[in-house]
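Overview (structure and organization)
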Amino acid sequence: MALGPIEMLCVKFPNSLVKDEIASALRALVENKTIRIIDILFIQKSESGEVMMNEIDDLDQIDYSLFDPLIADVAGLIPESDVQTIAQHLDNNSFAALMLFENTWATAFRDAIVKAEGQLLLNERIPSSVIEEVVAAQAMVST
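Starting from 1, residues in each chain are numbered consecutively following that chain's sequence as written. Reporting of local features is limited, given that this is a predicted model, to residues whose pLDDT is at least 70; pairs of side-chain atoms are given and counted only at 80 or more, and all residues count toward the totals for whole chains, interfaces and linings. Water and hydrogen atoms were dropped before computing side-chain values, which therefore reflect all heavy atoms in the structure.

Below, the discussion takes up the pairing of strand β3 (residues 51–55). Pairing between strand β2 (residues 36–45) and β3: five bridges, direction antiparallel. In the sheet register, Q44 faces β3, and the bridge partner there is M52. Any two strands with at least two DSSP-identified bridges between them are counted as paired. Helix and strand definitions follow DSSP, with helices as H or I runs of at least four residues and strands as E runs of at least two, each counted in order from the N terminus. The antiparallel hairpin formed by β2 and β3 contains five residues in its connecting segment, where G49 sits at a positive phi of about 95°.

Two aromatic rings from Phe, Tyr or Trp, using only the six-membered ring of Trp, form a pair when their centres are within 6.5 Å; if the ring planes differ by under 30 degrees the pair is stacked, by over 60 it is edge-to-face, and anything between is tilted. Enumeration over the complete set of coordinates arrives at two aromatic pairs. Both rings, one in F13 and one in F95, keep their centres 5.9 Å apart while their planes meet at 45°; by these two values the pair is tilted. Of this pair, F13 sits in strand β1 (residues 6–13) while F95 is found in strand β4 (residues 94–102), placing the two residues 82 residues apart along the sequence. For each residue, the accessible area found with a 1.4 Å probe, counting protein chains only, is set against the maximum for its type, and the residue is called buried under 20%, exposed over 50%, and partly exposed in between. For F13, a relative accessible area of 15% translates into the label buried.

Strand pairing in a sheet takes place through backbone hydrogen bonds and is either antiparallel or parallel in direction. In space, the four strands of this open sheet follow the order β1-β4-β2-β3, with antiparallel pairing throughout. One side of each edge strand has no neighbouring strand; the edge strands of this open sheet are β1 and β3. Between one strand axis and the next, the sheet turns by 20° as a mean value, whatever way the strands run. Where β1 lies against β4, eight bridges are found, and the strand directions are antiparallel. In this analysis, axes come from line fits to C-alpha atoms, helices being fitted only over the stretch in contact, and the angle between any two N-to-C directions falls in the range 0 to 180 degrees.

Written out as structure tokens, the structure is:
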């Protein structure tokens with residue numbers, strides 16, 4: 001099975017509760033076939049710095065039904081080394097969600113490129129804050 005572009009996303013939260021609106025937003029992205037969640041897990045760093053990694057269905061404080069059936073095909077592809085790298089950047093007594101997902105919206109475009117014998121030379125995500133800074137700087141120059 002050919003996959004579209006795959007991304008890893010990590011979001012830090014001030015506590016270990018995942019709000020319902022996050023699950024709803026993910027559900028909408030999956031149902032609209034914008035993304036397909038490949039794996040999702042949670043990293044908790046205790047007050048003493050101990051790191052715990054949990055799959056979504058292992059956490060008592062998260063209502064798994066909010067995400068199910070979004071991650072029915074979870075493949076467990078996020079390596080322990082990535083979890084440890086991210087955990088090093090977390091403060092003690094913090095929580096993060098780590099998600100691996102396919103950009104299914106890009107699959108048809110990728111197929112067209114392959115059919116035309118094209119080759120991907122660059123694929124880089126630029127944060128919106130960087131674009132906003134550039135636009136603001138250009139506006140200052142043109143005034």
